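# Structure assessment
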Amino acid sequence: MIDKVVNIFKDEARQHKLIKSFFYNPVYEIGNGNEPHPVFWLESPIYLRNIGNIGQGIEIDLNFTIQILPSKETDEVKCETLAFSTGLNIIEHIKQNNLLEIKPNWTALTLRKYYDNSAVAVRFSLTVVHPNITNLCLLNEHFDTDKQFEVKELINDFDVNPASNCTTFVNKLPDFSIPTTR
């Protein structure tokens, strides 16, 4: 299900005439200078929440940004307008093609000098609804009541017996004479 959501946004970004690259990564990787702009950045993590009394669906909260680098021809306000328009186009295209149910309470936030590359961006936060993917008829196929965890040795077993040409003094405390002042 998560892969389906990511792939829908990736495909929308690929199809949009303005977007040159797509990333699904954590926020701290934004602006590393390796992205062809304009960028569609789907932020990781994605939050999932059960809805309905009997778990009929899953609400998915996600954030994405449309990032554009300003130039001499496009100032920051024009970049913000273009980024907002692009994100809005993608949201409406998803809704129009019934790819996902997008709740109408999405928000957008304009950002300037966004991360290290000084991009202008608009960050969209939205909630999509997806049916619960669990097939209750096959639920018991995922469980084995006789299964046991494999027990592995956690620490390598070392031979602690001293060699025959070695003497070990076991009753002596170590003598540390470390100076603490000059």
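Remember, predicted model here, so these are calculated numbers, not experimental data.

Of all hydrophobic cores here, the largest spans 29 residues; its most connected members are Phe9, Phe40, Leu42, Leu62, Phe64 and Leu126. For this core, the elements supplying multiple residues, two or more each, are helix 1 (2-15), strand 2 (39-44), strand 4 (57-68), helix 2 (76-96) and strand 7 (119-131). The residues touching Phe9, leaving out its near neighbours within four places in the chain, are Phe22, Phe40, Leu42, Leu62, Phe64, Ile94, Leu100 and Leu126. Within the second largest apolar cluster, six residues are counted, among which are Val39, Trp41, Tyr114 and Ala121.

Here we take up helix 1. Residue pairs three or four apart in sequence face the same way in an α-helix, which turns once every 3.6 residues. In this model, helix 1 (14 residues) spans 20 Å end to end at C-alpha, consistent with the 20 Å of a helix rising 1.5 Å per residue. Residues of helix 1 that are buried: Val5, Val6, Ile8, Phe9, Glu12 and Ala13. End-on, the buried residues of helix 1 take up no more than an arc of 155°, which puts them together on one face. The exposed set on the far side of helix 1, more than 90 degrees from its buried face, consists of Asp3 and Arg14. Among the structural elements, strand 1 (21-26), strand 2, strand 4, helix 2 and strand 7 are those in contact with the buried residues of helix 1.

The next thing to look at is the pattern of salt bridges. The tally for this structure, following the rule as stated, stands at eight salt bridges. Between Glu59 and Arg49 there is a salt bridge, with the nearest N and O atoms lying 3.0 Å from each other. Placement of the pair is Glu59 in strand 4 and Arg49 in strand 3 (residues 47-51), with a sequence separation of ten residues. Of the residues examined, Glu59 reaches a relative accessible area of 11% and is grouped as buried. A relative accessible area of 36% means that Arg49 is categorised as partly exposed.

What counts, and where the lines are drawn
Residues numbered from 1 in each chain as written. Predicted model: local features only at pLDDT ≥ 70, side-chain atom pairs only at ≥ 80, totals over all residues. Heavy atoms only, no water. Core = buried A, V, L, I, M, F, W, Y, C linked by side-chain atoms within 4.5 Å. Buried < 20%, exposed > 50% of the residue type's maximum accessible area, 1.4 Å probe, protein only. Helix = DSSP H or I, 4+ residues; strand = E, 2+ residues; numbered from the N terminus. Contact = heavy atoms within 4.5 Å. Expected span 1.5 Å × (residues − 1). Arc of directions from axis to C-beta. Salt bridge = Lys/Arg side-chain N within 4 Å of Asp/Glu carboxyl O.

Nothing here speaks to function; it is all geometry.
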